[in-house]
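Chain residues, written in single-letter form:
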Amino acid sequence: MSMQNNSHDLFFAPTEKREFPSILAEVQEYISSKYAALLVDTRKDDVKQQIKFYIRKYLSDNRITADGMSDEELVNRLYVEMAEFSFLTKYIFGSGIEEIDINAWNDIEIYRAGGVKEKLNEKFESPQHAINVVRRMLHTSGMVLDNASPAVLGHLSKNIRISALKTPLVDEDVGVCASIRIVNPHNFDKGDFVKSSTATEPMLDFLSQCFRYGVSTCVAGATGSGKTTIAGWMLSTIPNDKRIYTIESGSRELALARRNDDETILNSVIHTLARPSENEMQNIDQDILLDYALRFNPDYICVGEMRGPEAFLAQEASRTGHPVLTTIHSNSCEATYRRMATLCKRKYDMAEDVLLDLVTEAFPLVAFSKQLENRERKLMEIMECEIKADGTREYRTIYRYHITENRYDDKGKFIIKGRHEFVSEISKGLQKRLIENGMPKGVLDRICRGEAIGVC
């Protein structure tokens, strides 16, 4: 009789409704202990379905449900929390999101394409929950966020960069601060820049033609100013028979391979990506990749961003005849050269005036891009640094964006109006160099007059 009662009680055991956090903790412990190997690679759809099956079975066997959720909603949310990245998953892999900023476990902001900022109503369950999710992201790149390493740079994929800080670098009630930069390579054409008033057609033709015919160029600006997009477009105008070698760090922002209808690659591109490591023997930085670049017979070299001692090798490569395109964080064209010299000094402790001589010789042209207060991106200035026969330098503005109106309207919207202006032609020395490098005389005449070329 007793056995019958026990069986009867088990069969008719009531469903247990519980709070989601406690369900997550229990199911996560069970899945991790029994099926940990499945959680290593959740990108395959069959693995995803297996994990969901085991979650569903555990909930059913233990007759567990959650308040306010259907059984399938509970399974899906548990999967997202355990194998993905909580509510951030839909933003990380959604369209039109450029950046996710975790200011604290309960304060998250996203930046949409075009620079529109939005504060999310969603938040993590606790500071520890936020830390766990960020740790799971960093695990992909083999980085560990813990008390021994509370500041970490990593990546989730080749185009998603992660910077994270945890206690004791931030307050305990914050949990974690993180910046997740989602870089989606855009195939912008010249018309896109002109339509958005980022730059004029003559400005873009000037940059592309000067680089095409051997003049190393640096595109400067702050984070989010559009400098990498401009550099990527310049590289896209290089003819298919020329060989391009790109070097990036953290994530891939350049996608230059051109394919025909049958997916045959038409141009010649080598994309490389630095691999940082705390083990000095395994650390492959941009400096090392730039040294390798010279062994791959490149016609053009792109250093995705100058941020350290690789600046010295970049200027060396340029001064030995390789056209180099790079970007850098700077607040003006003229300040860019001083910034380059500072970065070069990290490689060799040389006199600043000597380094300034080297970088101005290496990069005759600097383009400065900026995101204005109204979130519009503008190519603010293109400058040439001419080195005179006596060794002095003359900074010559070729193009600039002239702001004519700067105000708030009645609705509190920031209004900025202006126009791009052609200021002066390039120096005679640079003209001579372009002709020697093969630029047709007709093309040179037009860029010297500030006219569009009608190519690219």
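Residues numbered from 1 in each chain as written. Predicted model: local features only at pLDDT ≥ 70, side-chain atom pairs only at ≥ 80, totals over all residues. Heavy atoms only, no water.

Participant: Give me the lowdown on the overall build of the protein chain, citing residues and values where you can.
Facilitator: When you go through the protein chain residue by residue, the secondary structure sums to 15 helices and 17 strands. Oriented by its inertia axes, the alpha-carbon framework of the protein chain measures out at about 110 × 60 × 50 Å. A burial count over the protein chain gives 46% of its 456 residues as buried. Here the contacts in the protein chain between residues at least 6 apart in sequence split such that 55% fall between residues at least 24 apart. Summed over its atoms, the accessible surface of the protein chain is roughly 23200 Å², and 49% of this surface lies on carbon and sulfur atoms. The positive charge centre, built from 59 side chains, and the negative charge centre, built from 67, are 3 Å apart in the protein chain. (Helix = DSSP H or I, 4+ residues; strand = E, 2+ residues; numbered from the N terminus. Buried < 20%, exposed > 50% of the residue type's maximum accessible area, 1.4 Å probe, protein only. Contact = heavy atoms within 4.5 Å. Areas by Shrake-Rupley, 256 points an atom, 1.4 Å probe, with all protein chains shown as cover. Lys, Arg positive; Asp, Glu negative; His and termini not counted. Charge placed at Lys NZ, Arg CZ, Asp CG, Glu CD.)

Participant: Let's hear about the sheet that holds strand β8 (residues 176–182): which residues, and what values?
Facilitator: Within a sheet, adjacent strands bond to each other through the backbone by hydrogen bonds, running parallel or antiparallel. A sheet is described by the order of its strands in space; here 6 strands give the open sequence β5-β4-β3-β8-β7-β6, paired in antiparallel fashion. Of all strands in the sheet, those bounded by a partner on one side alone are β5 (116–119) and β6 (151–157). Going across the sheet, the axis of each strand differs from the next one's by a mean of 15°, ignoring polarity. Relative to strand β4 (residues 107–112), strand β3 (residues 97–104) runs antiparallel, the two being bridged by 6 bridges. Bridge assignment links I100 to a residue of β4, and that residue is I110. (Pairing = 2+ DSSP bridges. Axes fitted to C-alpha atoms, helices over the stretch in contact; angles between N-to-C directions.)

Participant: Pulling in residues and values, what's your account of the packing of aromatic side chains?
Facilitator: Within this structure, the stated rule accounts for 12 aromatic pairs. Their ring planes at 75° and their centres at 4.8 Å tell us that F312 and Y348 sit as a pair that is edge-to-face. Of this pair, F312 sits in helix α11 (residues 310–319) while Y348 sits in the loop between α12 (333–345) and α13 (352–362), and the two are 36 residues apart along the sequence. The interplanar angle of 55° and the centroid separation of 5.2 Å between the aromatic rings of Y399 and F422 together place this pair among those described as tilted. Placement of Y399 in strand β16 (residues 393–408) and of F422 in strand β17 (residues 414–422) is noted, with a sequence separation of 23 residues between them. An aromatic cluster is present here, built from F206, Y399 and F422 joined pairwise through their rings. (Phe/Tyr/Trp six-rings, centres within 6.5 Å; stacked < 30°, edge-to-face > 60°.)

Participant: I'd like to hear about the side chain of S208, residue by residue, with values.
Facilitator: Positionally, S208 belongs in helix α8 (residues 201–212). The exposure class of S208 is buried, given its relative accessible area of 1%. Of the polar contacts made by the side chain of S208, one reaches the backbone oxygen of D205; its length is 3.2 Å. (Polar contact = N/O pair within 3.5 Å; in protein donor to acceptor, adjacent residues only side chain to side chain.)

Participant: Which residues make up the sheet that holds strand β9 (residues 217–221), and what values go with them?
Facilitator: Strand order across the open sheet formed by 9 strands is β11-β10-β12-β13-β9-β14-β15-β16-β17, with mixed pairing between neighbours. Looking at which strands have only one partner, the edges of the open sheet turn out to be β11 (268–274) and β17. Adjacent strand axes in the sheet meet at a mean angle of 20°, parallel and antiparallel pairs treated alike. Two strands pair when backbone bridges link them, and β9 and strand β13 (residues 324–329) are joined in this way by 5 bridges, in the parallel orientation. Across the sheet, T217 pairs through a bridge with L325, a residue of β13. In this fold α8 packs onto β9, β12 (300–306), β13, β14 (365–371), β15 (377–387), β16 and β17, with an angle of close to 45° to the strand it touches most, β15.

Participant: Describe the environment of D67, and please don't skip the residues or the numbers.
Facilitator: If you trace the backbone, D67 turns up in the loop between β2 (64–66) and α4 (71–83). In this structure D67 comes out as partly exposed when scored by relative accessible area, which is 43%. Between the C-alpha atom of D67 and that of M137, which follows or precedes it by 70 residues, the distance is 29 Å. The residues touching D67, leaving out its near neighbours within four places in the chain, are K17, R18 and E19.

Participant: So what's going on with the nonpolar core? Which residues, and what values?
Facilitator: Judged by nonpolar contacts, the single largest core of 39 residues is most densely connected at M306 and F363. For this core, the element with the highest residue contribution is α12, accounting for 6 residues. Non-local contacts of M306, meaning those with residues more than four positions away in its chain, are made with A311, A314, T326, T327, I328, M340, L343 and F363. (Core = buried A, V, L, I, M, F, W, Y, C linked by side-chain atoms within 4.5 Å.)

Participant: I'd like to hear about unusual backbone geometry, residue by residue, with values.
Facilitator: Between T167 and the following residue, P168, the backbone shows a cis peptide bond with an omega angle of 10°. Structurally, the position occupied by P168 is in the loop between β7 (160–166) and β8. Positive phi, close to 50°, is recorded for R63, a residue that is not glycine. Inspection of the secondary structure assignment puts R63 in the loop between α3 (45–61) and β2. By relative accessible area, which is 35% here, R63 ends up partly exposed.

Participant: Would you mind going over the packing of helix α10 (residues 286–293) against α11 in detail, with residue names and values included?
Facilitator: The geometry of α10 relative to α11 is characterised by a closest axis approach of 8 Å and an angle of 20° between their N-to-C directions. On the basis of the axis angle, α10 is roughly parallel to α11. Crossing handedness for the pair α10 and α11: left-handed. Residues Q286, D287, L290 and D291 of α10 pack against E310, L313 and A314 of α11. Tallied by class, the residues present in the contact of α10 with α11 amount to 3 nonpolar, 1 polar and 3 charged. (Parallel < 35°, antiparallel > 145°, perpendicular 65-115°, else oblique. Left-handed = near helix turned anticlockwise from the far one by under 90°. Nonpolar A, V, L, I, M, F, W, Y, C, P; charged D, E, K, R; others polar.)

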